[in-house]
Amino acid sequence: MFAIDNLQIGYGRRVLSTLSQVTVERGEFICLLGRNGQGKSTLLRTFAGFIRPVAGEVRLDGRPVREWPAAERARKVAVVLTDRPQVGALRVWELVEMGRQPYTGWTGALSAEDRAIAAEALAQVEGEHLRDRFVDSLSDGERQRVMIARALAQQPQVMLLDEITAFLDLPSRVTITSTLRKVAHETGVSIILSSHDLELSLNAADRIWLLPGEGRFIDGAPEDVALSGAIGEAFDQSNLVFSLSSGRFETRASPRGVAFVDAAGPAGLWLGRALERLGYRLAESAPQADFVIKRLHEGYEWNGLFHPTIGSLARALTQR
Amino acid sequence: MSAAFRPVAVSLAAAGVLAAVAVASLMVGQVMLSPGEVLTGLGSIGSGSMESRIVVDLRLPRVLAAILGGAALGLAGLMMQTLFQNPLADAWSLGLMAGGQLGAALVIVAGAVVGPGFLMILTGFAGLGVVAGSALGMLAVALAMSAMARRVGAVTLLVLGLMLGFLAQGLISVLLHFTNRSQGRIFAAWNDATFANVTWSDFAALAPLLGLGLIGCVILAKPLTALLLGDVYAESLGVNVPRFRRLVLGATILLAAPVTAFCGPVAFVGLIVPHLARGLAGSARIGVLIPATALIGAALTLSADLVVHLPWEQHFLHLNAILALIGAPLVILLLLRARSLRGGES
């Protein structure tokens, strides 16, 4: 499968990133993260063999990916892109069966086996019910699902997906990401997905590839990458930081005060989130804090006053 | 599986319509013939009988030219719409025909400069010079447009084609201003687009070129289908895109240029027929659309030609006028329905 050694990706002579040693194993679900312009698409396009690396080679089964004949490469590497092709009068099954093109003769005639493979690919993305629909009548999420099915019908060893969730709403992103994870693990196809969805990627990926900028490339398990602080380096902005304790982005401001939450369970968690949102730091114990908020049976107590909801407590705190 | 049979049904229906219109075209004209007289004419080739001369010498070449021309222009439009990923692309809208017109006008004017001997060749109408000139003009524009297509969007490309058309018309006007009347008439006769001037000897050039174009179209059907998704997807499906683009352009020219050269610039067929085929067949796969497009193109063009050749009192109807009456409303409808100019809704 993919193996690289001191690969420099970029356009022309301009190097965007240097990857020292990377191999991709069977059935891995890899999320490629980085801010815009750090070379996510360039990396995927280089891996797909669409563009030439500045230096080094991407080897696919031991042979530079660009040296594979196009049709043979198409049996090993499939891609799904951000942009949504607008094709009139094309049905979903026709689109998915296009994935069999690398295996058919010049007429493109499909065997019964080809059709079965295409149908199986559509089933893997849970899109059987879309089979007879026209592609341009699909929602964005459905369309990306059938584009994934088309790529799966190519029976590739590796699938490269470039920000395919960029246009989708949150439920569709979660669905697609978990579908991809499932597909990678069940079929053994390796999937490299570039994404903006940091939290979703950290939850779902087996492995994170991070392009933090300045030409660096970081490769590791999501948790290792997070703990190394590299995610913060890559994404932190002046007023937004990646919090290692919560695994989320939080606003950075000098705290308005230090609060202690005297509550357990979900109520304590969400109360803490509300306080952080309002700009307070959370203390480990009551003596370290400026004030204490206590969870009562049906509400919250602060400063001797009762608040039935977190909302009313928050309003009172902002007026503090 | 009705979706799989619909294209076949559409092709069969178009073939039926085509056959009926073809028979009607052989019967109808200034001299009306019965089916029996048409058969007598076909059966007595070279006998010199009136039926034979009308059917075999006058009507049959025209009917065959309209069938071949309509099919070829439809297929050329199908390939160009796919190649340029633009639902309104065809030899006419992208200025290829304007290039052909300019080429023809240049040859005719050059004939005036070189001398009357050259003009003698031209008076045979659609003489070799006009044929070559228009074909070269189309080729030049096709190369220019395909070079520009990479850099500009779908709408810009259409506007460029339109402007190129105006530019060619302007140049042609100026060129003709400096020629004499007979040359102007030669150009006007060619520019009026008719199948009636095609003779049996023209098929010796027309048929092999169109045959090659058709073979090219069929061979390229599989990668053309992949190109429906765009260049990158086509490449990821194993298509050598730059080489393939050149081949498609070559096949398109082989189909469109001979028809334009021998029959003049026939408008709208390449633009609307692929959409009719897609809409009726309910599929976008090129392999499925090739028979449907060719047959619908032939049937539509021959029908328009039949209207032109009805026994009118005065003979002022032009083929392009009839095609415009059918085509322009369809294109307007298409523009209003298209969700984006990149996708051909039909």
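Computed from a predicted model, the values in this text were never measured in an experiment.

1. A short note on the overall build of chain B
Turning to step 1, where the next piece is worked out: Across its full length, chain B holds 15 helices and 0 strands.
Turning to step 2, where the next piece is worked out: Compactness check: chain B gives a C-alpha radius of gyration of 20 Å against a globular reference of 20 Å for 346 residues, within 12% of the reference.
Turning to step 3, where the next piece is worked out: Taken along the three principal axes of its C-alpha coordinates, chain B extends 60 × 55 × 35 Å.
Turning to step 4, where the next piece is worked out: A burial count over chain B gives 54% of its 346 residues as buried.
Turning to step 5, where the next piece is worked out: Within chain B, residue pairs in contact and separated by at least 24 positions form 77% of the contacts whose partners lie at least 6 positions apart.
Turning to step 6, where the next piece is worked out: Element-wise, carbon and sulfur atoms account for 73% of the exposed surface of chain B, whose accessible area totals about 14300 Å².

2. Points about the sheet that holds strand S1 (residues 2–11) of chain A
All names here are of chain A.
Turning to step 1, where the next piece is worked out: Sheet architecture is open: 4 strands sit in the order S2-S1-S4-S5, paired in antiparallel fashion. The sheet terminates laterally at strand S2 (14–23) and strand S5 (63–64), the two strands that pair on one side only.
Turning to step 2, where the next piece is worked out: Sheet analysis places S1 next to strand S4 (residues 58–60), joined by 3 bridges and oriented antiparallel. Looking at S4, one finds that Ile-4 is bridged to Val-58.

3. Points about the sheet that holds strand S6 (residues 77–80) of chain A
Sheets are built from strands paired through backbone hydrogen bonds, the pairs being either parallel or antiparallel.
Residue and element names in this part refer to chain A.
Turning to step 1, where the next piece is worked out: Pairing in this open sheet of 6 strands is mixed, and the strands run S6-S7-S8-S3-S9-S10 from one edge to the other. Two strands in the sheet have a free side with no partner beyond their single neighbour: S6 and strand S10 (216–220). Between one strand axis and the next, the sheet turns through 15° on average, direction left out of account.
Turning to step 2, where the next piece is worked out: Against the sheet, helix H1 (residues 40–48) makes contact with strand S3 (29–34), S6, strand S7 (158–162), strand S8 (190–194), strand S9 (207–213) and S10, and its axis sits at roughly 150° relative to S7, the strand it touches most.

4. Looking at the nonpolar core
Turning to step 1, where the next piece is worked out: Core analysis: the largest hydrophobic core is formed by 175 residues, its most contacted members being Phe-2, Phe-47, Ile-148, Leu-160 and Trp-209 of chain A together with Leu-96 of chain B.
Turning to step 2, where the next piece is worked out: Residue contributions to this core peak at 16 residues, all from helix H3 (residues 50–83) of chain B.
Turning to step 3, where the next piece is worked out: Beyond its immediate stretch of four places on either side in the chain, Trp-209 of chain A contacts Val-22, Val-24, Ile-30, Cys-31, Leu-32, Leu-33, Leu-43, Phe-47, Ile-192, Phe-217, Ile-218 and Asp-219 of chain A.
Turning to step 4, where the next piece is worked out: The next biggest cluster of nonpolar side chains, apart from the first, holds 14 residues, and it includes Leu-278, Tyr-280, Phe-291 and Ile-293 of chain A.

5. Description of the interface of chain A and chain B
Turning to step 1, where the next piece is worked out: At the interface, 37 residues of chain A touch 27 residues of chain B.
Turning to step 2, where the next piece is worked out: Summed over both partners, the interface of chain A with chain B comes to about 2800 Å²; 58% of that surface belongs to carbon and sulfur atoms.
Turning to step 3, where the next piece is worked out: Salt-bridge contacts for Glu-235 of chain B lead to Arg-73 of chain A; the nearest nitrogen and oxygen are separated by 3.8 Å.
Turning to step 4, where the next piece is worked out: Counting every contact that joins chain A to chain B gives 9 residue pairs in polar contact (both at pLDDT 80 or more).
Turning to step 5, where the next piece is worked out: At the level of elements, helix H2 (70–73), S6, helix H3 (92–98) and helix H5 (140–153) of chain A are the ones that each hand at least two residues to the side of chain A that touches chain B.
Turning to step 6, where the next piece is worked out: With 4 residues, H3 of chain A is the largest single contributor of residues to the side of chain A that touches chain B.
Turning to step 7, where the next piece is worked out: In terms of residue class, the side of chain A that touches chain B is built from 19 nonpolar, 10 polar and 8 charged.

6. Brief notes about the confidence of the model for chain B
Residues and elements named next belong to chain B.
Turning to step 1, where the next piece is worked out: Confidence in the prediction for chain B averages 87 pLDDT; 92% of positions are at 70 or higher.
Turning to step 2, where the next piece is worked out: Ranking the helices and strands of chain B by mean pLDDT puts helix H14 (residues 286–308) first, with 96, and helix H5 (residues 116–123) last, with 54.
Turning to step 3, where the next piece is worked out: Confidence drops under pLDDT 50 across residues 340–346; counting only partners more than four residues distant or on other chains, this segment forms 31 contacts.
Turning to step 4, where the next piece is worked out: Confidence estimates for the predicted assembly give a pTM of 0.86 and an ipTM of 0.84.

7. A short note on the state of the cysteines
All names here are of chain B.
Turning to step 1, where the next piece is worked out: In total, this model carries 0 disulfides over all chains according to the counting rule given.
Turning to step 2, where the next piece is worked out: In this structure Cys-263 is not part of a disulfide, and its nearest cysteine sulfur, from Cys-217, lies 19 Å away.
Turning to step 3, where the next piece is worked out: Relative accessible area serves as the criterion here: at 3%, Cys-263 is assigned to the buried category.

8. Focus: the packing of aromatic side chains
Residues and elements named next belong to chain A.
Turning to step 1, where the next piece is worked out: All told, the structure shown has 8 aromatic pairs over all chains when counted by the stated rule.
Turning to step 2, where the next piece is worked out: Summarising the aromatic geometry, the rings of Phe-47 and Trp-209 are spaced 5.7 Å apart at their centres and angled 55° between planes, so their arrangement reads as tilted. Taken as a pair, Phe-47 in helix H1 and Trp-209 in strand S9 lie far apart in primary sequence, 162 residues in all.
Turning to step 3, where the next piece is worked out: Note on Phe-47: relative accessible area 1%, which makes it buried.
Turning to step 4, where the next piece is worked out: Taking the relative accessible area as the measure of exposure, Trp-209 reaches 0% and is therefore buried.
Turning to step 5, where the next piece is worked out: Aromatic rings pair up to connect Phe-2, Phe-47, Trp-209 and Phe-217 into one cluster.

9. Some words on the pattern of salt bridges
Residue and element names in this part refer to chain A.
Turning to step 1, where the next piece is worked out: In the structure shown here, the tally under the stated rule is 17 salt bridges over all chains.
Turning to step 2, where the next piece is worked out: As a salt-bridge pair, Glu-233 and Arg-216 come within 3.1 Å of each other at their nearest N and O atoms. Note that Glu-233 is positioned in helix H9 (residues 230–235) and Arg-216 in strand S10, a separation of 17 residues in sequence.
Turning to step 3, where the next piece is worked out: By relative accessible area, which is 34% here, Arg-216 ends up partly exposed.
Turning to step 4, where the next piece is worked out: Between Lys-294 and Asp-262 there is a salt bridge, and its shortest N-O distance comes to 3.6 Å. On the criterion of sequence distance, the pair formed by Lys-294 in strand S15 (residues 291–296) and Asp-262 in strand S13 (residues 257–262) is long-range, its members being 32 residues apart.

The rules we used
Residues numbered from 1 in each chain as written. Chains lettered and ligands numbered in written order. Predicted model: local features only at pLDDT ≥ 70, side-chain atom pairs only at ≥ 80, totals over all residues. Heavy atoms only, no water. Helix = DSSP H or I, 4+ residues; strand = E, 2+ residues; numbered from the N terminus. Rg over C-alpha atoms; globule rule 2.2 N^0.38 Å. Buried < 20%, exposed > 50% of the residue type's maximum accessible area, 1.4 Å probe, protein only. Contact = heavy atoms within 4.5 Å. Areas by Shrake-Rupley, 256 points an atom, 1.4 Å probe, with all protein chains shown as cover. Pairing = 2+ DSSP bridges. Axes fitted to C-alpha atoms, helices over the stretch in contact; angles between N-to-C directions. Core = buried A, V, L, I, M, F, W, Y, C linked by side-chain atoms within 4.5 Å. Buried area = accessible area lost by both parts, 1.4 Å probe. Salt bridge = Lys/Arg side-chain N within 4 Å of Asp/Glu carboxyl O. Polar contact = N/O pair within 3.5 Å; in protein donor to acceptor, adjacent residues only side chain to side chain. Nonpolar A, V, L, I, M, F, W, Y, C, P; charged D, E, K, R; others polar. pLDDT = per-residue confidence, 0-100. Disulfide = S-S within 2.5 Å. Phe/Tyr/Trp six-rings, centres within 6.5 Å; stacked < 30°, edge-to-face > 60°.

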